[in-house]
Amino acid sequence: MKAFGIKRYGKKVALQAAEIPDPEMRNDDVLIQVHAAGVNVLDSKIKNGEFKLILPYKPPLTLGHDVAGIVIKTGARVRQFKVGDEVYARPADHRIGTFAEFISVSEKDVALKPNNLTMVEAASIPLVGLTAWQVLIEKAHLQIGQKVFIQAGSGGVGTFAIQLAKHLGATVATTTSAANINLVKSLGADVVIDYKKEHFETILHDYDVVLNSQDNKTLEKSLRVLKPGGKLISISGPPDPEFAVEIKAPWFVKQVMRVLSLGTKRKAKRRDISFSFLFMKASGSQLRQITPLIESGAIRPVIDKVFPFASTNDALAYVESGRAKGKVVIKVL
Ligand SMILES: NC(=O)c1ccc[n+]([C@@H]2O[C@H](COP(=O)([O-])OP(=O)(O)OC[C@H]3O[C@@H](n4cnc5c(N)ncnc54)[C@H](OP(=O)(O)O)[C@@H]3O)[C@@H](O)[C@H]2O)c1
């Protein structure tokens, strides 16, 4: 099959198109013919080698973390899916590779595609949808009437997280630049801050939850936005020792993460705020809970650009520009 991947890590390394063997299947896998693949910042970070500590992949490696497609084969122990099912998924870490014609995915990571979405739209959802779900529902336990600050509301995570937080009944503040103000308002954001002109930490007060997706300075300023008892949840680092335990990282990695997160943890503690790092996980059961929100219209996909399979490198470069309004998707079939 044809696939896009890397033979070695590097910032200047482009993905190479290669003919590689069809995926091997385990008993609990479904083999998916890829129709569309979502592109994520994570693909770029892995390519650059920035994620070696957390995900020690050994190239050659096919990239791609989001898929929508059709089940064309099922493993002997698969119970939930049959050949012909239209599905979407974020394959588990160490089993990625959706920039390809086929991928085998454990059935526990797969869900039936929302019936009102095209393949391209469905492929835009899993990684960012699960991230928002795991931050706002699993970790923050966001409640009706609470206030949440979601940074970068016009990005892949932001466009989904705003809609999910509004569905949960929260008041949502977000940052974006002038060109995207109407977009984030149309998604339901109540307070919109143009980060190029205003300082969010002087405008927002007494928030219950912050979803941090930006740099360390933004993380530090976010502490000032939260009320005592509030939760600062970062998806852009620094990773903390609890996360090291979760991924069963070696002892020295845990120590590195302790050092990296120590300053933020201390400052948070002084303000009676809990800080945690979250790295999203594959989950078919959570995707199944997201599906009805999409089918009912509570959450809609936001897609900026669609690229043909042959232009996978252009799609990745566009994501790397940091200017995407919502998601970037590769149409494979
Ligand atoms: N830990 C996890 O599990 C996890 C999961 C998903 C993503 N992430 C991380 O979260 C980050 C965001 O991911 P993403 O997919 O949402 O990225 P993205 O879609 O590439 O974000 C692009 C958007 O960010 C906005 N933006 C850029 N700089 C900004 C700033 N300083 N303030 C506010 N908005 C800004 C841009 O809007 P303008 O053009 O208006 O500037 C653009 O619309 C990445 O670092 C990614 O690796 C982590």
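Structure: above.
Every value quoted in this text rests on a predicted model; they were computed, and no experiment measured them.

### Section: the site of the ligand
Among the 23 residues in the neighbourhood of the ligand, the closest are listed as Gly156, Ser177, Tyr195, Met280 and Ala324. Serine 177 is positioned with one of its side-chain polar atoms (N or O) 2.4 Å from an oxygen atom of the ligand. For the ligand, the accessible surface in isolation is 940 Å², of which the surrounding protein chains cover 86%. Of all the elements in the fold, those that place two or more residues in the shell around the ligand are helix 1 (41-48), helix 3 (126-139), helix 4 (156-167) and strand 10 (171-176). Among the residues forming the shell around the ligand, the class breakdown is 10 nonpolar, 11 polar and 2 charged.

### Here we look at unusual backbone geometry
Working note: non-glycine residues mostly have negative phi, and peptide bonds are mostly trans. In this chain, proline 59 is followed by proline 60 through a cis amide linkage whose omega measures 5°. Within the secondary structure layout, proline 60 lies in the loop between helix 1 and strand 4 (61-62). The peptide bond linking glycine 237 to proline 238 adopts the cis configuration, its omega dihedral lying at 0°. Positionally, proline 238 belongs in the loop between strand 13 (226-234) and helix 8 (241-246). One non-glycine residue, aspartate 206, lies in positive phi territory at about 60°. Its location among the elements puts aspartate 206 in the loop between helix 6 (200-203) and strand 12 (207-212). One non-glycine residue, lysine 248, adopts positive backbone phi at about 55°. Looking at the element boundaries, lysine 248 is found in the loop between helix 8 and helix 9 (251-270).

### Some words on the sheet that holds strand 14 (residues 274-277)
Taken in spatial order, the 6 strands line up as 11-10-9-12-13-14 in an open sheet, and their pairing is parallel. Two strands bound the open sheet, and with one partner strand each, they are strand 11 (191-194) and strand 14. With strand direction ignored, the average angle separating the axes of adjacent strands in the sheet is 15°. Its contacts with the sheet put helix 3 on strand 9 (147-150), strand 12, strand 13 and strand 14, and the angle it makes with strand 13 is roughly 150°.

### Examining the sheet that holds strand 1 (residues 2-6)
Spatially, 2-1-4 is the arrangement adopted by the 3 strands of the open sheet, whose pairing is antiparallel. The strands lining the two open edges of the sheet, one partner per strand, are strand 2 (16-19) and strand 4. Bridge count between strand 1 and strand 4: 2 bridges; the pairing is antiparallel. Bridge pairing in strand 4 links glycine 5 to threonine 62.

Cut-off values and rules
Residues numbered from 1 in each chain as written. Predicted model: local features only at pLDDT ≥ 70, side-chain atom pairs only at ≥ 80, totals over all residues. Heavy atoms only, no water. Near = heavy atom within 4 Å. Polar contact = N/O pair within 3.5 Å; in protein donor to acceptor, adjacent residues only side chain to side chain. Areas by Shrake-Rupley, 256 points an atom, 1.4 Å probe, with all protein chains shown as cover. Helix = DSSP H or I, 4+ residues; strand = E, 2+ residues; numbered from the N terminus. Nonpolar A, V, L, I, M, F, W, Y, C, P; charged D, E, K, R; others polar. Pairing = 2+ DSSP bridges. Axes fitted to C-alpha atoms, helices over the stretch in contact; angles between N-to-C directions. Contact = heavy atoms within 4.5 Å.

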